[in-house]
Amino acid sequence: MLDFLGLQIDNNTYIDLMFCNRRLRRLVAIERKLGECKAADKGQMALSLRGLAKREQAPGEQPPLGIILCTE
């Protein structure tokens, strides 16, 4: 389900940006965070990637890849 804030995975989880890399044959999810990266950010990304694999990954694609960009 696409939403103006990004891709909604479930009621509380959004991905800021998502791309499909044709060469890698996988979805690439990008999260932007203000401040330092926290362990919780990694956990949230892991949850998002599981949701993408379950709902959006096409047959023959590799598992999704996540990138977290932090300002500090």
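Residues numbered from 1 in each chain as written. Predicted model: local features only at pLDDT ≥ 70, side-chain atom pairs only at ≥ 80, totals over all residues. Heavy atoms only, no water.

K.L.:
Kindly report on the side chain of aspartate 41, identifying the contributing residues and their values.
P.N.:
Along the chain, aspartate 41 falls in helix 1 (residues 39–55). The exposure class assigned to aspartate 41 is buried, which follows from its relative accessible area of 13%. From its side chain, aspartate 41 meets the backbone nitrogen of lysine 38 in a polar contact 2.9 Å long. (Helix = DSSP H or I, 4+ residues; strand = E, 2+ residues; numbered from the N terminus. Buried < 20%, exposed > 50% of the residue type's maximum accessible area, 1.4 Å probe, protein only. Polar contact = N/O pair within 3.5 Å; in protein donor to acceptor, adjacent residues only side chain to side chain.)

K.L.:
How would you sum up the state of the cysteines? Please name residues and give values.
P.N.:
Applying the stated rule across the entire model yields one disulfide. Disulfide pairing places cysteine 37 opposite cysteine 70 at an S-S distance of 1.8 Å. Disulfide cysteine 37 to cysteine 70: torsion about the S-S bond roughly 110°, handedness right-handed. Here cysteine 37, found in the loop between strand 5 (26–33) and helix 1, pairs with cysteine 70, found in strand 6 (residues 65–70); they are 33 residues apart in sequence, far enough to count as distant. Under the relative-accessibility criterion, cysteine 37 is labelled partly exposed at 44%. For cysteine 70, a relative accessible area of 22% corresponds to the partly exposed category. (Disulfide = S-S within 2.5 Å.)

K.L.:
Explain unusual backbone geometry to me, and be specific about the residues and the numbers.
P.N.:
Even without being a glycine, arginine 25 presents a positive backbone phi close to 55°. The class for arginine 25 is partly exposed, based on a relative accessible area of 47%.

K.L.:
Give me the pattern of salt bridges: which residues, what numbers.
P.N.:
Applying the stated criterion across every chain, the model contains two salt bridges. Close ionic contact of glutamate 31 with lysine 33 constitutes a salt bridge, the shortest N to O distance being 3.7 Å. Overall, glutamate 31 belongs to the buried group, its relative accessible area being 7%. Owing to a relative accessible area of 22%, lysine 33 belongs among the partly exposed residues under this scheme. Between aspartate 41 and lysine 33 there is a salt bridge, with the nearest N and O atoms lying 4.0 Å from each other. Connected via shared salt-bridge partners are Glu31, Lys33 and Asp41. (Salt bridge = Lys/Arg side-chain N within 4 Å of Asp/Glu carboxyl O.)

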